[in-house]
Amino acid sequence: IKGVYETLINKYHKIIQDKLIGHLFKNAKKRYLDFLKEYPGLINIIPHYHVANYLGISTTQLSRIRKTIAEE
(Lines give C-alpha, C1' and ligand atoms only; values in the text may rest on other atoms or scores of the structure.)
Protein backbone atom coordinates (compact mmCIF):
# COMPACT_ATOMS: atom_id res chain seq x y z
CA ILE A 1 0.00 0.00 0.00
CA LYS A 2 2.91 2.34 0.70
CA GLY A 3 4.06 1.99 -2.92
CA VAL A 4 0.61 2.95 -4.18
CA TYR A 5 0.64 6.16 -2.14
CA GLU A 6 4.14 7.02 -3.31
CA THR A 7 3.10 6.46 -6.92
CA LEU A 8 0.06 8.71 -6.53
CA ILE A 9 2.04 11.41 -4.76
CA ASN A 10 4.71 11.35 -7.47
CA LYS A 11 2.07 11.47 -10.22
CA TYR A 12 0.27 14.48 -8.76
CA HIS A 13 3.52 16.21 -7.87
CA LYS A 14 4.53 16.00 -11.53
CA ILE A 15 1.14 17.38 -12.65
CA ILE A 16 1.36 20.33 -10.25
CA GLN A 17 4.98 20.98 -11.17
CA ASP A 18 4.15 21.01 -14.90
CA LYS A 19 1.26 23.43 -14.34
CA LEU A 20 3.44 25.77 -12.29
CA ILE A 21 6.28 25.76 -14.81
CA GLY A 22 3.79 26.30 -17.62
CA HIS A 23 2.26 29.22 -15.81
CA LEU A 24 5.63 30.83 -15.27
CA PHE A 25 7.13 30.37 -18.72
CA LYS A 26 4.20 30.40 -21.16
CA ASN A 27 2.55 33.55 -22.42
CA ALA A 28 -1.13 34.17 -21.76
CA LYS A 29 -2.29 33.04 -25.19
CA LYS A 30 -0.46 29.73 -24.89
CA ARG A 31 -1.89 29.18 -21.40
CA TYR A 32 -5.38 29.85 -22.78
CA LEU A 33 -4.90 27.43 -25.67
CA ASP A 34 -3.63 24.80 -23.24
CA PHE A 35 -6.68 25.43 -21.05
CA LEU A 36 -8.97 24.84 -24.04
CA LYS A 37 -7.20 21.55 -24.81
CA GLU A 38 -7.23 20.36 -21.21
CA TYR A 39 -10.82 21.39 -20.47
CA PRO A 40 -12.75 21.31 -23.76
CA GLY A 41 -16.18 22.89 -23.52
CA LEU A 42 -15.61 24.35 -20.07
CA ILE A 43 -15.18 27.85 -21.50
CA ASN A 44 -18.89 27.73 -22.44
CA ILE A 45 -19.99 26.69 -18.96
CA ILE A 46 -18.15 28.84 -16.43
CA PRO A 47 -17.87 32.64 -16.33
CA HIS A 48 -14.90 34.05 -18.19
CA TYR A 49 -13.67 35.91 -15.12
CA HIS A 50 -13.05 32.51 -13.50
CA VAL A 51 -11.05 31.39 -16.53
CA ALA A 52 -9.06 34.63 -16.51
CA ASN A 53 -8.36 34.20 -12.81
CA TYR A 54 -7.23 30.60 -13.35
CA LEU A 55 -4.88 31.76 -16.13
CA GLY A 56 -3.56 34.67 -14.08
CA ILE A 57 -4.73 37.34 -16.50
CA SER A 58 -7.37 40.06 -16.55
CA THR A 59 -10.76 39.58 -18.15
CA THR A 60 -9.84 42.29 -20.65
CA GLN A 61 -6.71 40.40 -21.64
CA LEU A 62 -8.71 37.17 -21.97
CA SER A 63 -11.20 38.96 -24.21
CA ARG A 64 -8.39 40.23 -26.44
CA ILE A 65 -6.85 36.77 -26.68
CA ARG A 66 -10.22 35.23 -27.60
CA LYS A 67 -10.71 37.93 -30.27
CA THR A 68 -7.30 37.35 -31.87
CA ILE A 69 -7.88 33.58 -31.92
CA ALA A 70 -11.30 34.06 -33.53
CA GLU A 71 -9.74 36.28 -36.22
CA GLU A 72 -7.01 33.74 -37.10
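Definitions and cut-offs
Positions within a chain are numbered from 1, following the residues in the order the chain's sequence is written. The model is predicted, so local features are restricted to residues of pLDDT at least 70 and side-chain atom pairs to those at 80 or more, both for listing and for counting; the totals for chains, interfaces and linings are taken over all residues. Note that the side-chain values use all heavy atoms of the structure and ignore hydrogens as well as water. Residues enter a patch when their relative accessible area is above 30% and they make no salt bridge; the linking distance is 9 Å between like charges and 5 Å between nonpolar side chains (Val, Leu, Ile, Met, Phe, Trp, Tyr). To be clear on the numbers: accessible area is Shrake-Rupley with a 1.4 Å probe, and residue cover counts the displayed protein chains and nothing else. Salt bridges are defined by distance alone: a side-chain nitrogen of Lys or Arg within 4 Å of a carboxyl oxygen of Asp or Glu. Helix and strand definitions here come from DSSP, where helices need a minimum of 4 consecutive H or I residues and strands a minimum of 2 consecutive E residues; each element is numbered from the N-terminal end. Only protein chains enter the area calculation, which uses a 1.4 Å probe; residues under 20% of their type maximum are buried, those over 50% are exposed, and those in between are partly exposed. By construction, the arc corresponds to the directions joining the helix axis to the C-beta atoms. Note on definitions: a residue-residue contact is assigned when non-hydrogen atoms from the two residues lie within 4.5 Å. A 3.5 Å cut-off defines polar contacts: any pair of N or O atoms within that distance qualifies, except that in protein one atom must be a possible hydrogen donor and the other a possible acceptor, and neighbouring residues in sequence count only when both atoms are side-chain atoms. What is meant by a nonpolar core is a set of buried Ala, Val, Leu, Ile, Met, Phe, Trp, Tyr and Cys residues, joined one to another through side-chain atoms within 4.5 Å.

Novice: If you had to explain a nonpolar patch on the surface to someone new, which residues and values would you point to?
Specialist: The grouping of I1, V4, Y5, L8, I9, Y12 and I15 at the surface amounts to a nonpolar patch, some 760 Å² of accessible area in total. With respect to the helices and strands, Y5 occurs in helix α1 (residues 2-25). On the basis of relative accessible area, Y5 is assigned to the exposed category, the value being 52%.

Novice: How would you explain helix α2 (residues 28-38) if you had to name every residue and give the values?
Specialist: Those residues of α2 lying buried are A28, R31, Y32, D34 and F35. Down the axis of α2, the smallest arc covering the buried residues is 160°, so these residues share one side. As for α2, its buried residues are in contact with α1, α3 (48-55) and α4 (59-71). Measuring from the side-chain oxygen of the N-cap residue of α2 to the backbone nitrogen of K29 gives 3.2 Å; that N-cap residue is N27.

Novice: Please set out the nonpolar core residue by residue, giving values where relevant.
Specialist: By size, the foremost hydrophobic cluster in this structure holds ten residues: A28, Y32, F35, I43, V51, A52, L55, I57, L62 and I65. Elements supplying a minimum of two residues to this core: α2, α3 and α4. Leave out the neighbours within four places in its chain, and L62 touches Y32, H48, V51, A52, L55 and I57.

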